[in-house]
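In case you want the letters, here they are:
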Amino acid sequence: MPDERRMRSYWLLALLGTALFFLLVVRKLLMLKCIFLEDAWDALWPWFAYLADSLGAGRFPLWDPHSSCGFPFYANPQAGTFYPVYVAAGWLFGGSFRVFQYLWLGHWLFGILGMFFLGKRLGLSPLGTFIGAITFGFSGFFIGNAQHTAFLNTACYIPWVLLVVDIAQEGGLRHAMLGGVLFGMAGLAGYPGMAVYLSIMLVVWCLLKYGTGRRSLATLALALVVGCIVVAPAYLSFFVEAASITNRTGPLDVEVACRSERFPLSAMVSLIAPQFPLNFRELIDCDRSMADGYLGVFGLMSVLAVIFSPRLRKSWSWLLVWMLVAWLFSLGSEGGLRIIGYYLFPPLRYVRHSALFRVFWILGASVLAGVLIDRLQSRNAGEQATLTSRCLVILAVLLGMCGCVFLWVLLVPKANGPFLVSWIVSTQAAIILAYLTVFGLYKAGHLRPLLFLAAVCMLAGGDLAAHFYGNRTLVCAEVEEAPPVLQVADMAQAQAGVPFTGREKRLDAPQYHPNQGLFDRKFYIRSYNSAISPDYDFLVGGSVGGAASHPVLTEFLGVLEQSPRFWLTPRAAFADEQDKNALTLLRNTGPAAGVPVFIHARVPYVSERLEQPVVPGSFGKVEVLEYRPEEIVLRADAPEDAWLFCLERYSPSWRASVDGSPEPIRRADFCFRAVRVPQGSHRVEMTFAPWIYRPLWFASWSLSLLVVVACLVRRRHRQ
């Protein structure tokens, strides 16, 4: 009993130490002195803010009328619309940057704690789990992709999924279903591509660790089926709804899918010098956020030590193979497996960013870091001495590799200069020399085991903290750099109850922020959205990728800025959706001239050739009676039978009625919508009423709740 109590206290200390280490490293983020940046700033926070503001106003955000002339918001799988954590946090606390930042940090800590408990499940000691958890949480994946909170949200669930599926091998079907729920939450919380990658690596994990027994395969199949049900509302809504508004619902070309944003072999230098990709981008053939694979010196040494130690290699061969598979996938086209997977596993045709696979081999390396620290505590003096000697050799090799990196950069004329590379390499060399000193003193008998372990832990923690601060420009920025948007966001909270009139002026591009419309409630023609539409981009001159207006201006951009949002035209012509001539004609049409209306279906009252178009607003009259994001009520006074043209984006879930009678909404001018109205004065209602998400949402959340309750009841019954 005393031994059991002592071990519990050790585990508690290790858990508290892990959490405390995280809180100390990110303390400026916790104190809101620094703020997230890039993708989190440009898109992910505004989407969360819109979700929260909509829930606070008593509506579920199905449609976003503020960005790029409208978008089916609920069908954006990265917005977290169906993610229970985002829904609850947004409803309870609002969508301020503070709430989003704490959600971001909470997920980050959640992933680190998941790694802690996974290490415990795999047989690591309290010290081993501590080292493994901080290695995972401050690795190149979390630092490099901290700005991509959608990536990080999914990654934080990975160790939990592996943990629960491992327990399911002994604990029964409830845990297999719980693993599926966690897998589904990983998909709802973040980037769909990572959920696809997780499904592949989960299969490989189970086959390597548990074999092909009936129980193993049943557990795996049940987890995947439950996971697919949980993610269904977000993913199926995207494929059904967004197919009409973006080309991202189709398969990618093999070159784009396998080569785009991979982890190239040149990025392997980040294992030695993590600041190298940040400062020498011209030498690394990928985005700087995808080029960081740092494990810490101790993490890299652990992988090599296990590989070159026969006993450890045999015990952990399944994990080494798993890491190798993930590494080959992360290389994209260079590794070969990504191309094979493209043809054998259809979901891989729809996603890119192969570099995200590195989170899996980093996770494996984090486990091995815990294994090494445990073996260095071995009571077998011979094994301990052999392992220490092997670590000294590995450290000497790593030191030599630092010199190779220095020479490589000096021989490249495009490099930023010898001083910068000298600083980067010397910093890493100093860390390796510190490890060499500690291991050398321990080998010579000048350090006691307890002092040796303490020194190694301090070096490992300091190395990982230095990695965070050295690459901090990938993680956050000083909050003083963004006061205009924060002020706009605060003002938006005060204006949340102000109704729209439907006559608000359209603006070209936001002044401060690419998704400013989600804060200031104005309507922008060009806003940042990952689900781009080539036709819309061609008409308006391109999407906004930054806070400033896009440099390309088109004539049609003036139509969207100056014309009324709803207007009548007596004539419309047929044009195929692939008709580039008609698209070019529209692009070159300005607001002062007649604007042609093309209907992309052969229906009555649509001519085969273009007749004289009318200037928007010059024919008949349209009055906006009510305007809400998902419901529009108009009064149309048509001198003759006409088309009511709407300069808002088309989506198949928009429904229309004229004087209470259903009337189909047609896609018009490639991206917009039109309704046929007869002569006279009529009440026209347009309602955005998608149906597919409702049963899927109910099934997803109901199944998740039932599984969690069943597991809690089972646990209480056992206790």
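About the thresholds
- Throughout this document, residue positions are counted from 1 along each chain, in the order its sequence is written.
- Restriction of local features to residues with pLDDT of at least 70 applies here, the model being predicted, together with a cutoff of 80 or more for giving and counting side-chain atom pairs; totals for whole chains, interfaces and linings are based on all residues.
- With hydrogens and water stripped out, all remaining heavy atoms of the structure feed into the side-chain values.
- Two strands are said to pair when DSSP picks up at least two bridges between them.
- Counting from the N terminus, the helices are DSSP H or I runs at least four residues long and the strands are E runs at least two residues long.
- Where helices are involved, their axes are fitted lines through C-alpha atoms of the stretch in contact, as for all axes, and angles between N-to-C directions lie from 0 to 180°.
- Accessible area is worked out with a 1.4 Å probe on protein chains only. A residue is then buried under 20% of its type maximum, exposed over 50%, and partly exposed in between.
- A pocket here means an open set of points on a 1 Å grid, computed over the protein atoms alone, that has protein on both sides within 12 Å along at least five of seven lines. A cavity is instead a set of points where a 1.4 Å probe fits but cannot get out; residues with an atom within 4 Å of a point line either one.
- Grid points are joined across faces, edges and corners, and a volume is the space filled by probe spheres set on the points.
- Only Asp, Glu, Lys and Arg are considered charged, only Ala, Val, Leu, Ile, Met, Phe, Trp, Tyr, Cys and Pro nonpolar, and every remaining residue, Gly among them, polar.
- Helix span is expected to be 1.5 Å times the residue number reduced by one.
- Whenever Lys or Arg places a side-chain nitrogen within 4 Å of a carboxyl oxygen from Asp or Glu, that contact is recorded as a salt bridge.
- The residues that make up patches have over 30% relative accessible area and no salt bridge, and they are joined within 9 Å when like-charged or within 5 Å when they are Val, Leu, Ile, Met, Phe, Trp or Tyr.
- Exposure was quantified through the Shrake-Rupley algorithm and a 1.4 Å probe, taking into account, for residues, occlusion by the shown protein chains and nothing else.
- Working definition: rings of Phe, Tyr and Trp (its six-membered ring) pair if their centres are within 6.5 Å, and the pair is stacked with planes under 30 degrees apart, edge-to-face with planes over 60 apart, and tilted otherwise.
- Whether a charge lies above a ring is judged from NZ of Lys or CZ of Arg, which has to be within 6 Å of the ring centre and within 35 degrees of the ring normal.

Undergrad: Help me understand the sheet that holds strand E12 (residues 661-663) in this model?
TA: Spatially, E8-E9-E15-E11-E12 is the arrangement adopted by the 5 strands of the open sheet, whose pairing is antiparallel. The strands lining the two open edges of the sheet, one partner per strand, are strand E8 (621-628) and E12. Mean inter-strand twist for the sheet, computed between neighbouring axes without regard to direction, equals 25 degrees. In this sheet, strand E9 (residues 631-638) lies alongside E8 in antiparallel orientation, the contact comprising 7 bridges. Residue pairing in the sheet places Tyr 627 in a bridge with Ile 632 of E9.

Undergrad: I would appreciate a short explanation of helix H4 (residues 84-93) in the present structure.
TA: Every α-helix winds through 3.6 residues per turn, so residues three or four apart in the chain are directed the same way. Listing the buried residues of H4 in full gives Tyr 86, Val 87, Ala 89 and Gly 90. Positive phi shows up at Gly 94, right after H4, with a value of about 85 degrees.

Undergrad: What is the right way to read the layout of surface pockets from this model?
TA: Once rolled over the atoms, a probe with the size of a water molecule shows which space is left empty. Empty space within the largest pocket amounts to approximately 1,300 Å³. Contributions of two or more residues to the lining of the largest pocket are made by helix H3 (39-56), helix H8 (149-171), helix H10 (192-210) and helix H11 (214-241). It is H11 that contributes the most residues to the lining of the largest pocket, 8 residues altogether. Along the lines of polarity and charge, the residues of the lining of the largest pocket split into 29 nonpolar, 12 polar and 8 charged. Here the second largest pocket defines a volume of roughly 860 Å³. Along its surface, the second largest pocket is lined by 24 residues, and Leu 163, Ile 167, His 175, Leu 178 and Arg 715 are the ones closest to its centre. Of all the secondary structure elements, the ones that give two or more residues to the lining of the second largest pocket are helix H1 (2-25), helix H5 (97-121), H8, helix H9 (173-189) and helix H27 (693-718).

Undergrad: How should I be thinking about H9 in this particular structure?
TA: Taking 1.5 Å of rise per residue, 17 residues should cover 24 Å, and H9 covers 24 Å from first to last C-alpha, within 8% of that figure. Counting buried positions over the 17 residues of H9 gives 14, a clear majority of the element.

Undergrad: Would you explain the pattern of salt bridges in this entry?
TA: Here the idea is simple: oppositely charged side chains can pair when their charged atoms come close. Counted under the stated rule, the structure contains 19 salt bridges. For Arg 59, the salt bridge goes to Glu 630, with nearest N and O atoms at 2.4 Å. Placement of Arg 59 in the loop between H3 and H4 and of Glu 630 in the loop between E8 and E9 is noted, with a sequence separation of 571 residues between them. Given the relative accessible area of 13%, Glu 630 is considered buried. Two residues, Arg 565 and Glu 648, come together in a salt bridge whose shortest N-O distance is 3.3 Å. With Arg 565 in the loop between helix H25 (555-562) and strand E5 (566-569) and Glu 648 in strand E10 (residues 642-649), this residue pair connects regions lying 83 residues apart in the sequence. The class for Arg 565 is buried, based on a relative accessible area of 6%. Glu 648 sits in the buried class, given a relative accessible area of 1%.

Undergrad: Can you help me understand a nonpolar patch on the surface in this one?
TA: Judged by side-chain polarity, Ile 339, Ile 340, Tyr 343, Leu 344 and Phe 345 come together as a nonpolar surface patch covering roughly 490 Å² of accessible area. Summarising the element assignment, Ile 340 is placed in helix H17 (residues 337-344). For Ile 340, a relative accessible area of 45% puts it in the partly exposed group.

Undergrad: Got a minute to help me understand the packing of aromatic side chains in this structure?
TA: Given two aromatic rings, one states the distance between the centres and the angle between the planes to describe the pair. Counted under the stated rule, the structure contains 61 aromatic pairs. Residues Phe 36 and Phe 100 carry aromatic rings whose centres are separated by 5.1 Å and whose planes lie at 75 degrees to one another, so their mutual orientation is edge-to-face. Residue Phe 36 is found in strand E1 (residues 34-36), and its partner Phe 100 is found in helix H5; the two are separated by 64 residues along the sequence. The exposure classification of Phe 36 matches that of Phe 100, with both residues buried. Ring geometry for Phe 523 and Tyr 627: centres 6.1 Å apart, planes at 85 degrees, overall edge-to-face. Linking Phe 523 in strand E4 (residues 523-524) with Tyr 627 in strand E8, this pair joins segments that are 104 residues apart in sequence. Phe 523 sits in the buried class, given a relative accessible area of 1%. Since its relative accessible area comes to 4%, Tyr 627 is described here as buried. Directly above the ring of Trp 11 sits Lys 120, whose terminal nitrogen or CZ lies 5.0 Å from the centroid. Lying across the ring of Tyr 342, Arg 349 places its NZ or CZ 5.9 Å from the centre.

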